[in-house]
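Close look at the chain arrangement
Listed below are the residues making up each chain.
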Amino acid sequence: MKLILKWLLSAAALLAVAYLYSGVTVTSFTGALVAAAVLGALNMVVRPLLVLLTLPVTVLTLGLFLFVVNALMFWAAAGLVSGLNVNGFGAALLGSLIYSVLQLAIDFLLERLFLND
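Reference entry: report on the structure contained in this document.

1. Overview of the side chain of Q103
- Topologically, Q103 is positioned in helix α5 (residues 89-113).
- Relative accessible area serves as the criterion here: at 13%, Q103 is assigned to the buried category.
- Side-chain polar atoms of Q103 contact the side chain of S10, separated by 3.1 Å.
- Excluding residues within four positions of it along the chain, Q103 makes contact with K6, S10 and A13.

2. Comments concerning α5
- Across its 25 residues, α5 extends 35 Å between first and last C-alpha, which sits within 8% of the 36 Å expected from 1.5 Å per residue.
- Of all the positions in α5, only A91, A92, G95, S96, Y99, Q103, I106 and L110 are classed as buried.
- Buried residues in α5 make contact with α1 (2-20), β1 (24-26), α2 (29-53), α4 (65-80) and β2 (84-86).

3. Details of the packing of α2 against α4
- Taken N-terminus to C-terminus, the directions of α2 and α4 make an angle of 140°; their axes are 10 Å apart at the nearest point. Between α2 and α4, the crossing angle belongs to the class labelled oblique. The handedness of the crossing between α2 and α4 comes out as right-handed. In this structure, α2 contributes V38, L39, L42, N43, V46, R47, L50 and V51 to the contact, and α4 contributes L66, V69, N70, M73, F74, A76, A77 and L80.
- Partitioning the contact of α2 with α4 into residue classes produces 13 nonpolar, 2 polar and 1 charged.

4. A look at the side chain of T58
- The topology assignment puts T58 in helix α3 (residues 55-60).
- With relative accessibility at 8%, the residue T58 sits in the buried group.
- Residues in contact with T58, not counting those within four places in the same chain, are G63, F65 and L66.

5. Digging into α4
- For α4, built from 16 residues, the straight-helix expectation of 22 Å at 1.5 Å per residue is met to within 8% by its first-to-last C-alpha distance of 23 Å.
- Of all the residues in α4, the buried ones are V69, A71, M73, F74, A77 and A78.
- Residues of α4 that are buried make contact with α1, β1, α2, β2 and α5.

6. Notes on the layout of surface pockets
- In this structure, the largest pocket occupies an estimated 490 Å³ of space.
- Surrounding the largest pocket, 20 residues form its lining, L39, G40, N43, Y99 and Q103 being those nearest its centre.
- Among the secondary structure elements, those contributing two or more residues to the lining of the largest pocket are α1, α2, α4 and α5.
- Of the residues in the lining of the largest pocket, the class split is 10 nonpolar, 7 polar and 3 charged.

7. A closer look at the nonpolar core
- Counting 26 residues, the largest nonpolar core has L14, V24, L39, F74, L84, V86 and Y99 as its most contacted members.
- Broken down by element, this core gets its largest block of residues, 6 residues, from α2.
- Not counting the four nearest positions on each side in its chain, F74 is found in contact with L14, V17, V24, L39, L84, V86, A92, G95, S96 and Y99.

Conventions adopted
Residues numbered from 1 in each chain as written. Predicted model: local features only at pLDDT ≥ 70, side-chain atom pairs only at ≥ 80, totals over all residues. Heavy atoms only, no water. Helix = DSSP H or I, 4+ residues; strand = E, 2+ residues; numbered from the N terminus. Buried < 20%, exposed > 50% of the residue type's maximum accessible area, 1.4 Å probe, protein only. Polar contact = N/O pair within 3.5 Å; in protein donor to acceptor, adjacent residues only side chain to side chain. Contact = heavy atoms within 4.5 Å. Expected span 1.5 Å × (residues − 1). Axes fitted to C-alpha atoms, helices over the stretch in contact; angles between N-to-C directions. Parallel < 35°, antiparallel > 145°, perpendicular 65-115°, else oblique. Left-handed = near helix turned anticlockwise from the far one by under 90°. Nonpolar A, V, L, I, M, F, W, Y, C, P; charged D, E, K, R; others polar. 1 Å grid on protein atoms, 1.4 Å probe; cavity = no way out; pocket = protein on both sides within 12 Å on 5 of 7 lines; lining within 4 Å. Points joined across faces, edges and corners; volume = space filled by probe spheres on them. Core = buried A, V, L, I, M, F, W, Y, C linked by side-chain atoms within 4.5 Å.

The structure is reproduced here in structure tokens:
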């Protein structure tokens with residue numbers, strides 16, 4: 001139940017990103033659902049590998065390079081899903097920042113909601 005709710009809220013967060021920032025567009029809620037699933041899969045599989053490979057650069061930049069890694073994941077999801085469009089790397093960077101803040105809020109709320117589990 002928690003996983004399905006998080007997936008739905010993540011799709012809603014993608015729609016919110018598209019509403020708040022014109023560099024990101026989502027065609028429909030179905031497109032947002034697919035994009036949220038793809039983004040979650042990329043963050044689960046590819047992101048840890050990228051973080052490991054870019055560890056020296058991340059250390060040199062005091063962790064700021066992780067914003068670039070997040071933007072790359074956001075941009076890759078837009079490339080794989082036809083329902084999510086991102087207008088360049090700058091839009092992916094800003095869109096991923098907004099999406100990350102919304103994901104933090106979702107995780108906080110779900111933790112509070114399912115505190116007894």
